[in-house]
Amino acid sequence: MILGLLLAMFAGALVSLQNIFNSKVNEHTGSWSTTTLVLGMGFIASLVMGLIVEGKNMFTLQHMQPWYWISGMIGVGVVICLVQATRLLGATYAISIVLTSQLGFALLWDSLGWLGLAKVPFTLNQFIGVVVIVGGILVFKLGGGREPQKSAEPRKQRQALHTD
């Protein structure tokens, strides 16, 4: 269990770090270029590591529903939406909303037993947990003390003027 907790915490750190990197790439290029770069580099890294760790067994896909294969396409939506949300809201606010949405939908899918998940009963404690997180986001956003995130577009225009 401890290993699972550590891996989940590490994954959260990596998602936040990737989101910051992606938004910086997006400042210099478009959203689709950013998505192509991010997912393309991820494909290369996954392919190389998979071949090193699993070898040819990496391509043995037995007993898998064909619709599970669309998860890579879902990643395109994740990157595009996160890049734009970060640009418009800032990293902390965007990630807090993403994580809350992720938790809420995971709770929904677990409770309904969708997508091949074992059905987990919905409890009052789970509901309260989500409400507390949403309350935290509202306190964060409405608490003030932070200037709104500025778009990278004016910076690009200023850079273009200085390079001409």
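All of these numbers come straight from a predicted model, not from anything done at the bench.

K.L.:
How should I be thinking about the packing of helix α3 (residues 71-89) against helix α4 (residues 91-112) in this particular structure?
P.N.:
When two helices pack together, their arrangement is captured by the angle between the axes and the distance separating the axes. Relative orientation of the contacting elements α3 and α4 amounts to 135 degrees, with a least axis distance of 7 Å. Of the possible angle classes, the one that applies to α3 and α4 is oblique. Two packed elements cross with a definite hand, and for α3 against α4 that hand is right-handed. When α3 is examined against α4, the residues Leu82, Ala85, Thr86 and Leu89 are found in contact with a partner set consisting of Ala91, Tyr93, Ala94, Ile95, Ile97 and Val98. Split into classes, the residues belonging to the contact of α3 with α4 amount to 9 nonpolar, 1 polar and no charged.

K.L.:
Sorry if this is basic, but what is going on with a nonpolar patch on the surface here?
P.N.:
On the surface, a cluster of nonpolar side chains totalling about 1,200 Å² of accessible area is made up of Leu61, Met64, Trp67, Tyr68, Trp69, Phe105, Leu108, Trp109, Leu112, Trp114, Leu115 and Leu117. Among the structural elements, leucine 115 can be located in the loop between α4 and α5 (124-142). For leucine 115, a relative accessible area of 48% translates into the label partly exposed.

K.L.:
What exactly am I supposed to notice about the environment of leucine 51 here?
P.N.:
Its place among the elements puts leucine 51 in helix α2 (residues 31-54). Aside from chain neighbours lying at most four places away, what touches leucine 51 is Met58 and Phe59.

K.L.:
In this structure, what is going on with unusual backbone geometry? I would like to understand it.
P.N.:
In most cases, non-glycine residues show a negative phi, while peptide bonds are predominantly trans. Of note, the phi angle at histidine 63 is positive, near 55 degrees, even though the residue is not glycine. In this fold, histidine 63 is placed in the loop between α2 and α3. Phi is positive for leucine 115, close to 60 degrees, though the residue is something other than glycine.

K.L.:
Whenever I open this one, the packing of aromatic side chains confuses me. Can you help?
P.N.:
The relative placement of two aromatic rings is captured by the distance of their centres and the angle of their planes. Counted by the stated rule, this structure contains 1 aromatic pair. On the numbers, 5.4 Å between centres and 35 degrees between planes, the contact of phenylalanine 105 with tryptophan 109 is tilted. Of this pair, phenylalanine 105 and tryptophan 109 both sit in helix α4, 4 residues apart, which is roughly one turn of the helix. With a relative accessible area of 41%, phenylalanine 105 lands in the partly exposed category. A relative accessible area of 31% places tryptophan 109 in the partly exposed class.

About the cut-offs
- Residues numbered from 1 in each chain as written.
- Predicted model: local features only at pLDDT ≥ 70, side-chain atom pairs only at ≥ 80, totals over all residues.
- Heavy atoms only, no water.
- Axes fitted to C-alpha atoms, helices over the stretch in contact; angles between N-to-C directions.
- Helix = DSSP H or I, 4+ residues; strand = E, 2+ residues; numbered from the N terminus.
- Parallel < 35°, antiparallel > 145°, perpendicular 65-115°, else oblique.
- Left-handed = near helix turned anticlockwise from the far one by under 90°.
- Contact = heavy atoms within 4.5 Å.
- Nonpolar A, V, L, I, M, F, W, Y, C, P; charged D, E, K, R; others polar.
- Patch = residues over 30% accessible without salt bridge, like charges linked within 9 Å, V, L, I, M, F, W, Y side chains within 5 Å.
- Areas by Shrake-Rupley, 256 points an atom, 1.4 Å probe, with all protein chains shown as cover.
- Salt bridge = Lys/Arg side-chain N within 4 Å of Asp/Glu carboxyl O.
- Buried < 20%, exposed > 50% of the residue type's maximum accessible area, 1.4 Å probe, protein only.
- Phe/Tyr/Trp six-rings, centres within 6.5 Å; stacked < 30°, edge-to-face > 60°.

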